[in-house]
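So you can see what is in the structure, the chains are spelled out below.
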Amino acid sequence: MALRRKSREFAYQMLYQWEMRHESPAEIEAGFWRGVKAAPITREFANQLLEASVARAAQIDALLEKHATDWKLERMAAMDRAILRLAVGEFRATGTPPKVVINEALELAKKYSSEESASFINGVLDAILKEQTAAIADAKSDKALPKN
């Protein structure tokens, strides 16, 4: 398994623990890595993803609420919430191409949740990506306009 994919899987597992326990990322990481062997680079990327997702949890949750039509955050399966938070956290914190992030999120959903969840996650992440792409395009066009 590719190191980044394994890092995402570890980050997903830690993010799920964070959701259930509400401990700090440092506490989650310390407990998690006691029982798991991984290369330092794998640990580093997993920790980066966890920390980014937790640090931006309120912003991420607001995006999820906005784009998960007809779904309240608390009604989503905890596994799906963790996958969505992880993916949006990765969108925001890394230079990973968005399509790669979405594909990896779908793989996690298929492994840890269900095919239906994969479709739901794909729809939500696609909507968030479209909004972000439009916002970037608008910002670029605003800069290109002559100032009076």
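Whatever comes next refers back to the structure up there.
*Asks:* Tell me what's going on with the packing of aromatic side chains, and back it up with residues and numbers.
*Replies:* By the definition in use, this model includes five aromatic pairs. Ring centres of Phe 10 and Trp 33 lie 5.3 Å apart, and the angle between their planes is 85 degrees; on these two criteria the pair is classed as edge-to-face. Linking Phe 10 in helix α1 (residues 3-21) with Trp 33 in helix α2 (residues 25-34), this pair joins segments that are 23 residues apart in sequence. For Trp 33, a relative accessible area of 9% gives the class buried. A ring pair is formed by Phe 32 and Trp 33, whose centres lie 5.0 Å apart and whose planes are at 85 degrees; its orientation type is edge-to-face. Across this residue pair, the class does not change: Phe 32 and Trp 33 are buried. Ring pairs connect the aromatic residues Phe 10, Phe 32 and Trp 33, which therefore count as one cluster. One residue, Arg 75, lies across the ring of Trp 71, its end atom 5.0 Å from the ring centre.

*Asks:* Go over the pattern of salt bridges with me, naming the residues and quoting the values.
*Replies:* Where charged atoms from two side chains of opposite charge come close, those side chains can pair. In this structure the tally under the stated criterion is 12 salt bridges. The closest approach of N and O atoms between Lys 6 and Glu 9, which form a salt bridge, is 3.7 Å. Here Glu 9 and Lys 6 lie together in helix α1, a separation of three residues that amounts to about one turn. Glu 9 sits in the buried class, given a relative accessible area of 5%. Here Glu 104 ties to Arg 8 by a salt bridge, and the two come within 3.9 Å at their closest N and O atoms. Of this pair, Glu 104 sits in helix α6 (residues 98-112) while Arg 8 sits in helix α1, and the two are 96 residues apart along the sequence. Ionic contacts of the salt-bridge type, sharing partners, join the residues Arg 5, Arg 8, Glu 90 and Glu 104 into one network.

*Asks:* I'd like to hear about the environment of Asp 126, residue by residue, with values.
*Replies:* With respect to the helices, strands and loops of the structure, Asp 126 is situated in helix α7 (residues 115-144). Residues in contact with Asp 126, not counting those within four places in the same chain, are Lys 99 and Ile 102.

*Asks:* How would you summarise the packing of α1 against helix α3 (residues 40-55) if you had to cite specific residues and measurements?
*Replies:* Closest axis-to-axis distance for the α1/α3 pair is 8 Å, and the angle between their directions is 45 degrees. Compared by their axis directions, α1 and α3 come out oblique. In this structure, the crossing between α1 and α3 has a hand that is right-handed. Along the contact surface, α1 presents Leu 3, Arg 4, Lys 6, Ser 7, Arg 8, Phe 10, Ala 11, Met 14, Leu 15 and Trp 18, while α3 presents Ile 41, Thr 42, Phe 45, Ala 46, Asn 47, Leu 49, Leu 50, Ser 53 and Val 54. Tallied by class, the residues present in the contact of α1 with α3 amount to 12 nonpolar, four polar and three charged.

Quick notes on the rules
Residues numbered from 1 in each chain as written. Predicted model: local features only at pLDDT ≥ 70, side-chain atom pairs only at ≥ 80, totals over all residues. Heavy atoms only, no water. Phe/Tyr/Trp six-rings, centres within 6.5 Å; stacked < 30°, edge-to-face > 60°. Helix = DSSP H or I, 4+ residues; strand = E, 2+ residues; numbered from the N terminus. Buried < 20%, exposed > 50% of the residue type's maximum accessible area, 1.4 Å probe, protein only. Lys NZ or Arg CZ within 6 Å of the ring centre and 35° of its normal. Salt bridge = Lys/Arg side-chain N within 4 Å of Asp/Glu carboxyl O. Contact = heavy atoms within 4.5 Å. Axes fitted to C-alpha atoms, helices over the stretch in contact; angles between N-to-C directions. Parallel < 35°, antiparallel > 145°, perpendicular 65-115°, else oblique. Left-handed = near helix turned anticlockwise from the far one by under 90°. Nonpolar A, V, L, I, M, F, W, Y, C, P; charged D, E, K, R; others polar.

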